[in-house]
Each structure stands twice: as structure tokens, then as C-alpha cells.
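# Overview (structure and organization)
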Amino acid sequence: MLIKVYGSAVFGIEATTITVEVNIDKGIGYHLVGLPDNAVRESSYRISAALNNNNYKLPGKKIIINMAPADIRKEGAAYDLTLAIGILAASNQIKSDTINDYIIMGELSLDGSLQPIRGVLPMAIKAKEEGFKYFIVPKENAKEAAIVDDVTILGVRNIMEVIDHFNGAKKIEPTLVDTRAEFYKNIDFPEFDFSDVKGQESIKRCMEIAAAGGHNIILIGPPGSGKTMLAKRLPSILPPMTLDEALETTKIHSVIGNTKNEGLLYQRPFRSPHHTISNVALVGGGQYPRPGEISLSHNGVLFLDELPEFKREVLEVMRQPLEDRDVTISRAKFTVTYPCSFMLVASMNPSPSGYFNDPNSPMTSSPQEMQRYLSKISGPLLDRIDIHIEVTPVPFEKLSEERKGESSVAIRKRVTTAREIQSNNIRATRVNVNAANMRKSIIIEQEDFFKAAPPSNEGIMVVNPPYGERLEVAEGLPNFFEKIGSTLKHEYSGWEAWIISSDMDSFKNIGFCLLYTSDAADDL
């Protein structure tokens, strides 16, 4: 007898429906085909033990199982329940006329209980797209799958619940989640708060500007100055994720199994890999492709603590993803693309000893040590970090104050307002923040700028634009310049400009950007 049941395979962050065809005929043997890996081949032992321990058994006949499409590799133990239900249905041990309406996934233990699996959210989305009515998953994954509307999610703890459900003995209760209510209930409770940070008011302002513009930032300072503490609190002042961003982020984390019992991710991710990480672990890939740290930071923050301690080749692989906001992993047998739109936050000591230019510290580093230390970070990578800021230790008097700083919720309101203004101003460019605006080289005609600018004897004038480009007018424009006397010059692309006005009050935003991107800007 031939029976078809349905499962799902995740490739990248997208799912593909797998048809499991079970045919039982005269003879003896168990044959599983359709490009299964070792974990899938070993399922026969788990299925046999689980059925025997629940008073069912594998039929003593010839069992042929085909997993189609046969050219897609099936990996992992998540097909155990699919195969078991197919075998029971083909041997008439369960009877159901609606089994074709179900996607069935789960890993079996030897006693018949179910273990959680990875990639449930992409599977549920695919089930909805292809018109399946029900999705049976382990109980631990039910809340995650229930994010998707129009598919009834049935969370089960063991195989007997599934058998009783199909035989009509006891129906499984659906798992219901009000996604929007859960999402908006949890978005305003960050794990870390800026009110915990004593002093460092200028650095907090710098972090606020970086959050408002979506700019990458590097914190440079001696040990104990608070670099890591500040970086961990950056996600708390970023605007709350939209529901679409939360779904996309959850989808990526679902693939590696980071969402068990949690459902939708409400807070922006914060990832902080150790400096011994490999380039594959950072950008993704492997024999069976998995998203890397830059993709797990999608819509959030990637924090690289002690940046010079990372291997140079590891840091270099980030250059293209920082520009393109996605990463394509290409191998001989597959090509997969992961999104990776994240804010890069890095920290480093100013020297190997950590106390360069500190008059209170006797520790010094030789010029050769300094050169070797700083050469680990390439110029092109630093060019992609918009804001460089020096962090100094907080005096004891500040640390001992009882007064708390401004809360993350208050700062987040200003950041959200700034994001809304940017989004409205550059709506036609299809980007939302200044950082993305600059990366995509959005251009504005110079005459359009001066219509809204101060009189022609004040403001920013541009000479010799390279390759016939036009002036890009944006709050983040001066991030590309360094101050040379009275001239601002783009280090890489050849822009030259100068400030005619000596009164910078009307250019506060520009002044802030220059302050945080150029040491020479102190002259302003």
C-alpha cells in the first residue's frame, strides 16, 4: 500500500516541502532513498524502538520510503515523526482521510517522546504558502510556529498523541498566539539600560547619534573605561523592531534553533563573538549551510570586543557584507544568501599595553609594537566604520554619585523621532537611515542644496567633485572628511570642500559628526 505524508526541509532561511512516499509490499527489508544523510538513515532504529515502546510495531514486510524531491539533501533527525506516521498509515495501523492536509515534523526519542527541532518558522510559512491546513510539531516549537496565521498548529509531546489524533481517540488542542499583542507587549523592556552608566555623557551622545543614523562605531580607550558596558546598551536605544523585522529576525534564529519556547523575538539581537571565531562562523556557511554571526545580528548589533585580537582574514570577510547588507555563500553544490543588515560596534585599546598617551600609567609600547598592533585592522574596514570615538576612564567622583543617568527609554524616543525624520526626508531613496543613504551614494544636485541652505557666503562649498559626482547633502556627509586646515578633504574618493562660515551654530549636526570622526575637528 502506498501512502504520502508531508514534511519540510530548510535550505538557507527558506523551506521546501518534502513528500514522503511510503510503500509496503511483500518481502523483507527497509529501504530509505531520496538523498538522506546519516541522521535520517538512522531513523529506522529510533522509529522501531519508539513504536515498540508504545505497543505498535514496524510491519514485517518490505518497506520502501522515498523522500522527494530526491535531489535535495535531507539532514537531521526532524523527519522521524514524518516517517513513523507514514509507516503506520501505510500499514493501516492508523486511519485518516485528511492526512494529506498535514505537515508533520519532529525528532523521536526511544520512548516515543518528541525533541524540539530547528527551522520551524520557515516551515510554517511554507506550509501556509502551499495551502496546508495543519502543522504538527513538538510542543517546544509550537509557540514559534503559531506566529504564522491561517495554519493550525498542533503541538505534541509524544507520538501517541499523534496516533490518537489521527485515529479520532483524542484530538490535539491547537496552539494559539496573538502575535501582535505579544509583540507590542514586550518591545519596551530592554535587558540593559543606559541609566546604569555613570558619567560618559559625551559618549552616550555619540552612541545616540550612531543609533539615530544607523552608523557603525568604534570605541577606543583603556581597560575599565566602560566600552563593553556602553556597547551592550546600544540595542536598548535603537527604535523598536517592526513586526516585519521581528519576523525576519526570528526566521534566521529559527534555522539554528535559538527560538525554542520563545516564539517571536521582540528585542533587537546583540551578538558578541569571541575573538577566536573563524571566518565561516562569522559570515556563515559550512558543509550544511548555516547563518553566521553577522546574519544572527540582522536588524541588531554585532559587537566585536578587542578588535585587533581578531584574525585579520576574519575581519576582512566583513567588508562586502557591510556594504551590501547581505552575504552570499557559494560552494560547489549550493548557493545561499543570508540577510545581514546590522550595526557594527567595535572596541579596542589604543595600544598593546592599553594605556597609550595616559600620563598616569607607566606602561608604554614601542613604535614597533604599536605598528604591529594597529596593522591588524585594515584601512578599508576602518573606512566602513563611520564614527570613531575616544573613551576615557570615569573619575571616582562620578562613579560614586548616586544620581542615575538618563534612561534608555528616553533616549530611544529621540532616536525614533530622528529615524522618522530621516525616513521622511529620504523616502524616495528607499532607505531609512543616513548610514544607508551614504552607502548607496544617494546624490542631490548642488543647486537644490543651496535653495534650503544659508546664503552663499556660508555653508559647505564643494570643489573638484571626482568623476562628475554631485554633492551628497546629508547629516552624515562630514563623516567622510578629515579636517586639513580650513579644508575638508575626502581621504579616498577625492572630494574637497571647505567651511566658509566661521559660525558653526547653524551647523550643529555637522559639528557633532566632525567631532566624532576626526581628531583634528577639535579646532572647530
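In the block above lies the structure referred to throughout.
This structure is a prediction, so every number in the text was calculated from the model and none was measured. (Residues numbered from 1 in each chain as written. Predicted model: local features only at pLDDT ≥ 70, side-chain atom pairs only at ≥ 80, totals over all residues. Heavy atoms only, no water.)

This next bit is on the overall build of the protein chain. Secondary structure summary: the protein chain contains 21 helices and 22 strands in total. Expressed as a percentage of its 524 residues, the buried residues of the protein chain come to 49%. A separation threshold of at least 6 residues defines the contact pool for the protein chain, and within that pool the share at least 24 residues apart is 72%. Surface exposure of the protein chain reaches about 25,100 Å², of which carbon and sulfur atoms provide 50%. (Helix = DSSP H or I, 4+ residues; strand = E, 2+ residues; numbered from the N terminus. Buried < 20%, exposed > 50% of the residue type's maximum accessible area, 1.4 Å probe, protein only. Contact = heavy atoms within 4.5 Å. Areas by Shrake-Rupley, 256 points an atom, 1.4 Å probe, with all protein chains shown as cover.)

Within an α-helix, residues lying three or four positions from one another point in the same direction, as the helix has 3.6 residues per turn. With 13 residues, helix α8 (residues 201–213) extends 19 Å from end C-alpha to end C-alpha; this agrees with the ideal 18 Å at 1.5 Å per step. The element α8 is extensively covered by neighbouring structure, given that 10 of its 13 residues are classed as buried. Considered for burial, the residues of α8 that qualify are Ile-203, Lys-204, Cys-206, Met-207, Glu-208, Ile-209, Ala-210, Ala-211, Ala-212 and Gly-213. Positioned one or two residues after α8, Gly-214 has a phi angle of 70°, which is positive. (Expected span 1.5 Å × (residues − 1).)

Turning to the packing of helix α2 (residues 43–52) against helix α3 (residues 80–90), a few remarks are in order. A pair of packed helices can be characterised by two numbers: the angle between their axes and the separation between those axes. Axis separation between α2 and α3 bottoms out at 10 Å; the angle between their running directions is 60°. Judged by the angle between their axes, α2 and α3 are oblique. Every pair of crossing elements has a handedness; the one defined by α2 and α3 is right-handed. In this structure, α2 uses Ser-43, Arg-46, Ile-47 and Leu-51 to contact α3, whose residues at the interface are Asp-80, Leu-83, Ala-84 and Leu-88. Its residues assigned to classes, the contact of α2 with α3 shows five nonpolar, one polar and two charged. (Axes fitted to C-alpha atoms, helices over the stretch in contact; angles between N-to-C directions. Parallel < 35°, antiparallel > 145°, perpendicular 65-115°, else oblique. Left-handed = near helix turned anticlockwise from the far one by under 90°. Nonpolar A, V, L, I, M, F, W, Y, C, P; charged D, E, K, R; others polar.)

Attention now moves to the packing of aromatic side chains. Under the criterion given, the structure shown has four aromatic pairs. Taking 4.9 Å as the distance between ring centres and 65° as the angle between the ring planes, the aromatic pair formed by Tyr-102 and Phe-166 counts as edge-to-face. Separated by 64 residues along the polypeptide, Tyr-102 in strand β5 (residues 102–104) and Phe-166 in helix α6 (residues 159–167) bring together distant segments of the chain. What links up through ring pairs into an aromatic cluster is the set Tyr-102, Tyr-134 and Phe-166. (Phe/Tyr/Trp six-rings, centres within 6.5 Å; stacked < 30°, edge-to-face > 60°.)

Covered by surrounding structure in strand β14 (residues 301–304) are Val-301 and Phe-303 together with Leu-302 and Leu-304, the residues of both alternating faces. Across two bridges, the pairing between strand β11 (residues 270–271) and β14 is parallel. Bridge pairing links Arg-271 to Leu-302 in β14. Where β14 meets strand β17 (residues 343–348), four bridges bridge the pair, whose relative direction is parallel. Each bridged residue has a counterpart across the sheet, and for Leu-302 the counterpart in β17 is Leu-344. (Pairing = 2+ DSSP bridges.)

All right, on to the sheet that holds β17 then. With parallel pairing, five strands are arranged side by side in an open sheet as β11-β14-β17-β10-β18. This sheet does not close on itself; its edge strands, each paired only once, are β11 and β18 (387–390). Across four bridges, the pairing between strand β10 (residues 217–220) and β17 is parallel. Within β17, the residue paired with Ile-218 across the bridge is Ala-346. Seen against the sheet, α8 touches β10, β17 and β18 and runs at an angle of roughly 170° to β18.

Take empty space enclosed by the protein next. Taken as a whole, this structure holds three cavities of 30 Å³ or more when the rule is applied. Lining the largest cavity are Val-197, Lys-198, Gly-199, Glu-201, Lys-204, Lys-398, Glu-401, Arg-403, Lys-404 and Gly-405. Split by residue class, the lining of the largest cavity holds one nonpolar, two polar and seven charged. (1 Å grid on protein atoms, 1.4 Å probe; cavity = no way out; pocket = protein on both sides within 12 Å on 5 of 7 lines; lining within 4 Å. Points joined across faces, edges and corners; volume = space filled by probe spheres on them.)

The next subject is the environment of Met-105. Tracing the chain through its elements places Met-105 in the loop between β5 and β6 (107–108). Classification of Met-105 by relative accessible area gives buried; the value is 0%. C-alpha of Met-105 to C-alpha of Asp-80: the two residues are 25 residues apart in sequence and 7.4 Å apart in space. Setting aside its immediate chain neighbours within four residues, Met-105 contacts Gly-7, Ser-8, Ala-78, Tyr-79, Leu-81, Thr-82, Ile-117, Met-123, Phe-135, Ile-136, Val-137 and Pro-138.

A cis amide bond links Ala-68 to the next residue, Pro-69, at an omega of 0°. Within the secondary structure, Pro-69 is located in the loop between β4 (62–68) and α3. The backbone phi angle of Leu-35 is positive, close to 60°, even though this residue is not glycine. Among the structural elements, Leu-35 can be located in the loop between β3 (29–33) and α1 (38–41). Given a relative accessible area of 39%, Leu-35 falls into the partly exposed group. Positive phi, normally seen in glycine, also occurs at Glu-306, with a value near 55°. With respect to the element layout, Glu-306 can be found in the loop between β14 and α13 (312–316). The class for Glu-306 is partly exposed, based on a relative accessible area of 25%.

All right, on to α3 then. In terms of burial, α3 is largely enclosed, as 11 of its 11 residues are buried. Among the residues of α3, Asp-80, Leu-81, Thr-82, Leu-83, Ala-84, Ile-85, Gly-86, Ile-87, Leu-88, Ala-89 and Ala-90 are the ones counted as buried. Looking one or two residues past α3, Asn-92 carries a phi angle of roughly 60°, positive in sign.

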